[in-house]
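# Fold and geometry: a report
Residues per chain, in single letters:
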Amino acid sequence: KQWYQRRVAITAGGVEISQHIYNLKEGNVKLRLAIVDSVGYGDQINKENSFKPLVDYIDEQFENYLQEELKIKRDLVTFHDSRIHVCLYFVVPTGHSIRSLDLMTMKALDKKCNIIPIIAKSDTVSKSELDTFKANIMAELKSNDVEIYTFPVDDETVSEVNHEMNEMMPFAVVGSREDVKVGEGIVRGREYPWGVVEIENELHCDFVKLREMLIRTNMEDLREVTHRKHYELYRRGKLKQMGISDDGAHPISLQETYEQKRTEHLEELQKIENDMRQKFVNKVREKDLELKRNEKELNAKYESLKKEKSTDCDSALIPLL
């Protein structure tokens, strides 16, 4: 059973970030799953800052959680935690190497959320090409210091399977919304002239393994790493900006921080006002000098015309003998 809702969260820089919320129920287990999709990412002509809407959205969710934490009467139990716990980054199946845009974006996101690289449309490359592509992706991520999420191996109950899944990264998946008849049964898959790619067949793609790792085996670890590592990094940086620190014998209170920020803001406004006043005075001075210069030129022309007129009059009064 499921209930679905879609929310358009933000549209910026040609990227529409929409949130799809699913309330799932299987037996007595209930799960509220929010999937955030970034439509239009990477479609810009200038792709230099195409990842910025993604970073801003993740920071916005961190900020919402931080503001709830700072409340006097906070209720984090019932608070809707909208922080991003995992980023499924789909890589274009070029078969050779990862794009520079992907490296740049994942580098910007690896301190913000747990990244799991995924090869999309993996049925478009052969098995040998896929193995080489996976090795190239992991090598390039490592050489560029891009930190991706690794499944924990310290728990004996899941260490073996998690170690195996870590070796399989990045996962290669195939997606489909169509039901295809295979033999006597109906499966979710993609039909081609040469056969059928079954989405939930582990011999065809890694979709089932990925689903198991995310929802059943490591969901709590993803949430814990998000809170303990990524959110904590954001929280520390934000509190330092507010002037709150654990260092020193005299920690700064929120009131002192407010007064300090208010003073800095007023000083900045005063500086802007002084600059604008000085610019105005300079413009008035320049205009005044220009008017005086024009007036001087007009007086010179007037005196010149006056002398010419006087000379003409003297010539007209010469008597004829």
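Let me sum up the structure you'll find in this document.

Rules of the game
Residues numbered from 1 in each chain as written. Predicted model: local features only at pLDDT ≥ 70, side-chain atom pairs only at ≥ 80, totals over all residues. Heavy atoms only, no water. Buried < 20%, exposed > 50% of the residue type's maximum accessible area, 1.4 Å probe, protein only. Helix = DSSP H or I, 4+ residues; strand = E, 2+ residues; numbered from the N terminus. Contact = heavy atoms within 4.5 Å. Phe/Tyr/Trp six-rings, centres within 6.5 Å; stacked < 30°, edge-to-face > 60°. Lys NZ or Arg CZ within 6 Å of the ring centre and 35° of its normal. Pairing = 2+ DSSP bridges. Axes fitted to C-alpha atoms, helices over the stretch in contact; angles between N-to-C directions. Right-handed = clockwise from strand over helix to strand, strands pointing away.

## Description of helix α2 (residues 100-109)
Among all positions of α2, only L101, D102, L103, T105, M106 and L109 are buried. Along its buried surface, α2 packs onto α1 (52-69), β4 (87-91), β5 (115-119) and α3 (127-143).

## A word on the packing of aromatic side chains
Each pair of aromatic rings is reported with the distance of its centres and the angle of its planes. All told, the structure shown has eight aromatic pairs when counted by the stated rule. With centroids separated by 5.4 Å and ring planes inclined at 35 degrees, the aromatic side chains of F62 and Y234 adopt a geometry described as tilted. With a gap of 172 residues between them, F62 in helix α1 and Y234 in helix α6 (residues 219-241) connect regions that are remote in the sequence. One exposure class covers both F62 and Y234, and it is buried. Plain terms: the ring middles of Y65 and F79 are 5.9 Å apart, the flat faces sit at 70 degrees to each other, and that makes the pair edge-to-face. Of the two residues, Y65 sits in helix α1 while F79 sits in the loop between α1 and β4, which places them 14 residues apart along the sequence. For Y65, a relative accessible area of 9% corresponds to the buried category. Here the aromatic residues F62, Y65, F79, Y231 and Y234 are joined through ring pairs into a cluster of three or more. Against the face of Y65 rests R83, its NZ or CZ located 3.7 Å from the ring centre.

## Some thoughts on the sheet that holds strand β8 (residues 185-192)
Spatially, β7-β8-β9 is the arrangement adopted by the three strands of the open sheet, whose pairing is antiparallel. Two strands in the sheet have a free side with no partner beyond their single neighbour: β7 (179-182) and β9 (195-198). Sheet twist, expressed as the average angle between the axes of neighbouring strands with direction ignored, equals 70 degrees. Sheet analysis places β7 next to β8, joined by four bridges and oriented antiparallel. Pairing of V180 across the sheet is with V187, part of β8.

## Structural notes on unusual backbone geometry
A cis amide bond, omega -5 degrees, links M169 with the succeeding residue P170. If you trace the backbone, P170 turns up in the loop between α4 (159-168) and β6 (171-172). Of note, K121 is a non-glycine position whose phi angle comes to about 50 degrees, a positive value. With respect to the helices and strands, the residue K121 is situated in the loop between β5 and α3. For D145, which is not glycine, the phi torsion reads 60 degrees and is therefore positive. Looking at the secondary structure, you find D145 in the loop between α3 and α4. We classify D145 as exposed; its relative accessible area is 56%.

## Observations regarding the pairing of strand β2 (residues 15-26)
Here eleven bridges tie β2 to strand β3 (residues 29-39), and the two strands are oriented antiparallel to one another. Across the sheet, residue I17 finds its bridge partner in β3, namely S38. Hairpin geometry of β2 and β3 is characterised by an intervening segment of two residues between the two adjacent antiparallel strands and by a positive phi of about 70 degrees at G27.

## Considerations on the pairing of β5
The element β5 is extensively covered by neighbouring structure, given that five of its five residues are classed as buried. Across the two faces of β5 the burial is the same, with I115, P117 and I119 and I116 and I118 all buried. As paired elements, β4 and β5 share five bridges and run parallel to each other. The residue of β5 that forms the bridge with L88 is I116. Regarding topology, α2 serves as the crossover connection from β4 to the parallel β5, and that connection is right-handed. Taken together, the two bridges between β5 and β6 define a ladder with parallel strand orientation. Across the sheet, I119 pairs through a bridge with A172, a residue of β6.

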